[in-house]
Amino acid sequence: MGENELVSWILAIVGSLFVAVLAVRAFGHWMKKEWGALITHIVGGAVVAVMIFTPQQAVTILRFIGGKFASVFTG
């Protein structure tokens, strides 16, 4: 897949908005001392951040996991 300038621009904007929302929500969990929700939010945010900021690597990882998952059922 070639690098498209429009795609890069859109990913940069979406990534920035994602980080802003993540920071606001994480701060709210921290202030309420909701530690479980904070940790879950940060881990989920890290997974989504990988998908947003490194889409090629995310596709490679998902293909690998899908292949392993399919091999369980196909033998």
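Higher on the page you've got the structure.
Residues numbered from 1 in each chain as written. Predicted model: local features only at pLDDT ≥ 70, side-chain atom pairs only at ≥ 80, totals over all residues. Heavy atoms only, no water.

A.B. asks: Sorry if this is basic, but what is going on with the overall build of the protein here?
C.D. replies: For the protein, the count of helices and strands is 3 helices and 0 strands. Put simply, the protein runs from its N terminus to its C terminus through helices and strands in the order α-α-α. Taken over the C-alpha trace, the protein has a radius of gyration of 16 Å; the compact-globule value for 75 residues is 11 Å, which it surpasses by more than 25%. By its C-alpha atoms, the protein is 50 × 40 × 10 Å across when sized along the principal axes. The buried share of the protein, reckoned over its 75 residues, is 13%. For the protein, the computed accessible surface area is about 6,100 Å², with 75% contributed by carbon and sulfur atoms. (Helix = DSSP H or I, 4+ residues; strand = E, 2+ residues; numbered from the N terminus. Rg over C-alpha atoms; globule rule 2.2 N^0.38 Å. Buried < 20%, exposed > 50% of the residue type's maximum accessible area, 1.4 Å probe, protein only. Areas by Shrake-Rupley, 256 points an atom, 1.4 Å probe, with all protein chains shown as cover.)

A.B. asks: Sorry if this is basic, but what is going on with a nonpolar patch on the surface here?
C.D. replies: On the surface, I39, V43, V47, V50, M51, I61, L62, F64 and I65 cluster together into a nonpolar patch covering about 830 Å² of accessible area. Only helix 2 (35-53) and helix 3 (55-74) provide two or more residues apiece to the nonpolar patch. (Patch = residues over 30% accessible without salt bridge, like charges linked within 9 Å, V, L, I, M, F, W, Y side chains within 5 Å. Salt bridge = Lys/Arg side-chain N within 4 Å of Asp/Glu carboxyl O.)

A.B. asks: Would you mind going over helix 2 with me for this structure?
C.D. replies: Residues spaced three or four apart along an α-helix face the same direction, because each turn holds 3.6 residues. Given a rise of 1.5 Å per residue, 19 residues ought to cover 27 Å, and the 26 Å separating the end C-alpha atoms of helix 2 matches this to within 8%. Of the residues making up helix 2, those classed as buried are L38, H41, G45, A49 and I52. Looking straight down helix 2, one finds its buried side chains confined to an arc of 70°; they lie on one side. Of the exposed residues in helix 2, those oriented more than 90 degrees away from the buried face are I39, T40 and V43. Against the buried residues of helix 2 lie helix 1 (5-31) and helix 3. (Expected span 1.5 Å × (residues − 1). Arc of directions from axis to C-beta. Contact = heavy atoms within 4.5 Å.)

A.B. asks: Is there a simple way to explain the packing of helix 2 against helix 3 in this structure?
C.D. replies: Helix-helix packing is described using two parameters, namely the angle between the two axes and the distance between the axes. One can describe the packing of helix 2 onto helix 3 by two numbers: an axis separation of 5 Å at closest approach and a directional angle of 115°. Only P55, A58 and L62 of helix 3 make contact with helix 2, whose side of the interface consists of V50, M51, I52 and F53. Its residues placed into classes, the contact of helix 2 with helix 3 shows 7 nonpolar, no polar and no charged. (Axes fitted to C-alpha atoms, helices over the stretch in contact; angles between N-to-C directions. Nonpolar A, V, L, I, M, F, W, Y, C, P; charged D, E, K, R; others polar.)

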